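Observations on chain architecture
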Amino acid sequence: MYYFASDIHLGAGDRHTARLTENRFCSWLDHVSADAEAIYLVGDIFDFWFEYRRVVPKGFTRTLGKLSELSDRGIGIHLFTGNHDMWCRDYLQEECGIHLHLHPEEITLAGQRLFIAHGDNLNIKGQPMLRLMNAGFRSTTVRALFSWLVHPDLALKFGKWWSSKSRKSHGSQPIDVSHLDFLIEYARTRKSERTEIDAFIFGHMHLPHDYDRDGLRVLFMSDWSGEQASYIALDDSGQLSIKTFDLR
Ligand SMILES: [Mn+2]
């Protein structure tokens, strides 16, 4: 079995909320580790992560310990970065044995050709401000300057503020499936060029959905702030399905 989850946003909210989310996520990792070949974490696992060469953010010890334990047991742990946690260096790889994916990727699992991406920075051609901001966030020069010039305490304080602002602006109005259209359109275009892709897996929109029409399959996962989280399971026969994990 292969499992996919995204948008846990570890560290979001007050101390109590953040701990609760982390405990739930670790329970889920325990749950799926029973038969997981590999676990794919598809972005925004951390609400904010900025790694210096020799400094990493405080916290997340239960998660990092659990991921290390599973990877030591031989379960592949893959992390795709999202718009909240793209500033990873080598710590998660070297300390926890996590395979890091900094860009969308096509991967074949259980005979299925999957396109896996967090979902930010895709299909944003008509949005110059967003493109500029994304380019700035991803620039290695900006990042190097930031880590040389900004003390980690200040960087993390700023990051936490920015992350909560970003989440609130996204979460201010309820979204429905029509908000997923831009990623479904992205998938449709991509599939027309790469017909061998069987399914697309996205996070980012915090809305679970299984789009399956005219030979195009696009699956989305929820965030983990409600009473249920949804994740994706891929069984050994190549069947993909969205499953829910009760968080109460
Ligand atoms: Mn998110």
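Residues numbered from 1 in each chain as written. Predicted model: local features only at pLDDT ≥ 70, side-chain atom pairs only at ≥ 80, totals over all residues. Heavy atoms only, no water.

Quick look at the overall build of the chain
Our working rule: Put simply, DSSP marks the helices as runs of H or I at least four residues long and the strands as runs of E at least two long, and each gets a number from the N terminus on. Only protein chains enter the accessibility calculation, which uses a 1.4 Å probe; a residue whose area is less than 20% of its type maximum is buried, one above 50% is exposed, and one in between is partly exposed. Note on contacts: a residue pair qualifies if any of its non-hydrogen atoms lie within 4.5 Å across the two residues. In this description, accessible areas are obtained by the Shrake-Rupley approach with a 1.4 Å probe, and a residue is regarded as covered only by the protein chains that are shown.
Across its full length, the chain holds 7 helices and 11 strands. Counting only C-alpha atoms and orienting by the principal axes, one finds that the chain spans roughly 50 × 45 × 30 Å. A total of 248 residues make up the chain; the buried ones form 50% of that total. A separation threshold of at least 6 residues defines the contact pool for the chain, and within that pool the share at least 24 residues apart is 66%. Entry remark: accessible area of the chain is about 12700 Å², with carbon and sulfur atoms responsible for 52%.

Regarding the sheet that holds strand S1 (residues 2-5)
Rule in force here: Strand pairing is defined by DSSP finding a minimum of two bridges between the two strands. Only the stretch in contact is used when fitting a helix axis, every axis being a line fitted to C-alpha atoms; angles between N-to-C directions are given from 0 to 180 degrees.
The sheet built from 6 strands is open, its strands ordered S4-S3-S2-S1-S10-S11 with mixed pairing. Each edge of the open sheet carries a strand with a single partner, namely strand S4 (99-101) and strand S11 (240-246). Along the sheet, successive strands turn relative to each other by an average axial angle of 25°, direction set aside. Where helix H1 (residues 15-33) meets the sheet, it contacts S1, strand S2 (38-42), strand S10 (228-234) and S11, and its direction lies at approximately 150° from that of S2.

Description of the coordination of the manganese ion
As a reminder, the rule being used: Coordination shells were defined by N, O and S atoms within 2.8 Å of each metal, extended to 3.2 Å for Na, K and Ca; water is absent from the atom set, which can make sites look incomplete.
Coordination of the manganese ion by the protein involves Asp7 (OD), His9 (NE2), Asp44 (OD) and His206 (NE2), with metal-donor separations of 2.1 to 2.3 Å. Donor residues for the manganese ion, ordered by position in the chain, follow D-x1-H-x34-D-x161-H. A residue pair is termed long-range when its members are at least 10 positions apart, and aspartate 7 in the loop between S1 and H1 and aspartate 44 in the loop between S2 and helix H2 (61-72) qualify at 37 residues.

Topic: the layout of surface pockets
Inclusion rule: Only protein atoms enter the 1 Å grid used here, on which a cavity is any set of points holding a 1.4 Å probe that cannot leave and a pocket is any open set flanked by protein within 12 Å on both sides along at least five of seven lines; residues with an atom within 4 Å of a point are listed as lining. Grid points are joined across faces, edges and corners, and a volume is the space filled by probe spheres set on the points. The residue classification treats Ala, Val, Leu, Ile, Met, Phe, Trp, Tyr, Cys and Pro as nonpolar and Asp, Glu, Lys and Arg as charged. All others, Gly included, are polar.
Size it by volume and the second largest pocket reaches roughly 680 Å³. Lining the second largest pocket are 24 residues, and of these Gly11, Lys58, Gly59, Phe60 and Lys160 sit closest to its centre. Of all the secondary-structure elements, those providing two or more residues to the lining of the second largest pocket are H1, H2 and helix H6 (152-171). Among the elements that line the lining of the second largest pocket, the one with the most residues is H6, at 5 residues. The residue makeup of the lining of the second largest pocket, split by class, is 10 nonpolar, 4 polar and 10 charged.

What to know about H1
For clarity, the threshold we go by: Expected span of a helix, by definition, is 1.5 Å for each gap between consecutive residues, and there is one gap fewer than residues.
Between its terminal C-alpha atoms H1 stretches 27 Å, which fits the 27 Å expected from 19 residues at 1.5 Å a residue. Within H1, burial applies to Ala18, Thr21, Glu22, Arg24, Phe25, Cys26, Trp28, Leu29, Val32 and Ser33. Turning to H1, the residues buried within the fold contact S1, S2, H2, S10 and S11.

Quick word on the nonpolar core
Put simply, the rule reads: Take the buried residues of types Ala, Val, Leu, Ile, Met, Phe, Trp, Tyr and Cys, join any two whose side-chain atoms come within 4.5 Å, and each joined set is a nonpolar core.
Of all hydrophobic cores here, the largest spans 33 residues; its most connected members are Phe25, Trp28, Ile39, Leu41, Phe46, Leu92 and Trp224. Elements that contribute at least two residues to this core include exactly S1, H1, S2, H2, strand S3 (76-80), helix H3 (91-96) and S10. Here this core takes 4 residues from H1, the largest share from any one element. Setting aside residues no more than four positions away along its own chain, phenylalanine 46 makes contact with His9, Leu10, Phe60, Leu64, Leu79, His84, Asp85 and Leu92.

Some points on the side chain of serine 222
Selection criterion: Any N or O atom pair separated by 3.5 Å or less is treated as a polar contact, with the protein-specific requirement of one donor-capable and one acceptor-capable atom, and with residues adjacent in sequence counted only for side-chain atom pairs.
By secondary structure assignment, the location of serine 222 is in the loop between strand S9 (216-220) and S10. Given the relative accessible area of 6%, serine 222 is considered buried. A distance of 2.7 Å separates a polar atom in the side chain of serine 222 from the backbone nitrogen of serine 230. Contacts of serine 222, omitting those with residues within four sequence positions, involve Ser6, Asp7, His206, Leu207, Pro208, Gln228, Ala229 and Ser230.

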